[in-house]
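# Breakdown of the fold
One-letter residues, chain by chain:
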Amino acid sequence: MELIQETPDLSAYLAVDEVIDHDHPRVREAAARLAAASDSYDYARMAFEFVRDAIPHSQDFGDPRVTWRASDVLEQGTGICYAKAHALAALLRAEDIPTALCYQRLAHDDGDGHVVHGLVAVRFNGAWHRQDPRGNKAGVDARFSLGGERLAFTPDAKFSELDYPVLYAKPHPVVLGALRAAPDRPYLWKTLPTAL
C-alpha cells in the first residue's frame, strides 16, 4: 500500500498542537529520559517500546479512564490505541522525528460491525514506516520495524477490513470527537468510529 501524506509540508508532521503537545513538560521529561539512545533510530524504537509496554491499553486492563492528549496519556499511564498513538507521536516529534497518525478499519472485537484503529507512521531514510504501539497481548505481537511492517493487526478484505492510506498531521476529527465526548471507556467502546 502506498502511504499518502495529507500535506506535502513535512513540518506539519513535527508540529505541536493541543493533542500532540510535545512542548508540555511531561512529554519533554519523558523524551529526555529516552533520549539517552545513541541515534534517532534507537530513540524511536525505545519510545515505541515505552508506549507499547509501559502504558497499558485501557480496554485490555479494564481501566475506565479516557485519555486523548499525549501529556495526559503519559501522566495517567493509560489509553486506547488512539491515545497511545498520540503519546508516541508526541515523543517522536519532541526529538524532531516526523510522525503521522494513520488508521485501519477492523472488525469490532465483539464481532458486530467495524471500528477504526489508530497507529502512527514515522519517517526515516526518506520513507514512511507504520508502527502500532497499542500494546501486545495474546494474538498481538507488534514490533518496531523499518524493514517490513510488524503491526498489531493485518486487515482482512473478506471481513471488509482495510488500511487507510492517508497520513494525518493531526488526529482525524471523527476520532478526536469520539474521545472528547466519552465520559468513560465503556461509553467510548460503544461509540468508537466505524469508518473515516
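Structural notes, computed from the coordinates. Every value quoted in this text rests on a predicted model; they were computed, and no experiment measured them.

### Topic: the overall build of the protein
Each helix and strand in the protein was counted, giving seven helices and six strands. Ordered by position from N to C terminus, the α and β elements of the protein give β-α-α-α-α-α-β-β-β-β-β-α-α. For 196 residues, the compact-globule formula gives about 16 Å, and the C-alpha radius of gyration of the protein, at 15 Å, lands near that figure. In the protein, once contacts between residues fewer than 6 apart in sequence are set aside, the share between residues at least 24 apart is 63%.

### Re the pairing of strand 4 (residues 127–131)
For strand 4, the tally of buried residues reaches four of five residues, placing the bulk of the element in the interior. Note: strand 3 (residues 114–124) against strand 4, five bridges, orientation antiparallel. Bridging across to strand 4, Val122 finds its partner in His129. Here strand 3 folds back onto strand 4 in antiparallel fashion, the turn holding two residues, of which Asn125 has a positive phi close to 55°.

### Regarding the sheet that holds strand 5 (residues 162–163)
The strand order 4-3-2-5 describes an open sheet built from four strands, whose pairing is antiparallel. Each edge of the open sheet is held by one strand with a lone partner, namely strand 4 and strand 5. Pairing between strand 2 (residues 99–107) and strand 5: two bridges, direction antiparallel. Note that in strand 5 the partner of Gln104 across the bridge is Asp163.

### Here we look at the packing of helix 2 (residues 40–54) against helix 5 (residues 81–94)
Running from N to C, helix 2 and helix 5 point in directions that differ by 155°, and their axes come no closer than 10 Å. It follows that helix 2 is roughly antiparallel to helix 5 by the angle criterion. Once helix 2 is placed against helix 5, the crossing between them reads as right-handed. Residues Tyr43, Ala44, Ala47, Phe48, Phe50, Val51 and Arg52 of helix 2 touch helix 5, and the partners they reach there are Lys84, Ala87, Leu88, Leu91 and Leu92. Residue composition of the contact of helix 2 with helix 5, grouped by class: 10 nonpolar, no polar and two charged.

Calculation criteria
- Residues numbered from 1 in each chain as written.
- Predicted model: local features only at pLDDT ≥ 70, side-chain atom pairs only at ≥ 80, totals over all residues.
- Heavy atoms only, no water.
- Helix = DSSP H or I, 4+ residues; strand = E, 2+ residues; numbered from the N terminus.
- Rg over C-alpha atoms; globule rule 2.2 N^0.38 Å.
- Contact = heavy atoms within 4.5 Å.
- Buried < 20%, exposed > 50% of the residue type's maximum accessible area, 1.4 Å probe, protein only.
- Pairing = 2+ DSSP bridges.
- Axes fitted to C-alpha atoms, helices over the stretch in contact; angles between N-to-C directions.
- Parallel < 35°, antiparallel > 145°, perpendicular 65-115°, else oblique.
- Left-handed = near helix turned anticlockwise from the far one by under 90°.
- Nonpolar A, V, L, I, M, F, W, Y, C, P; charged D, E, K, R; others polar.

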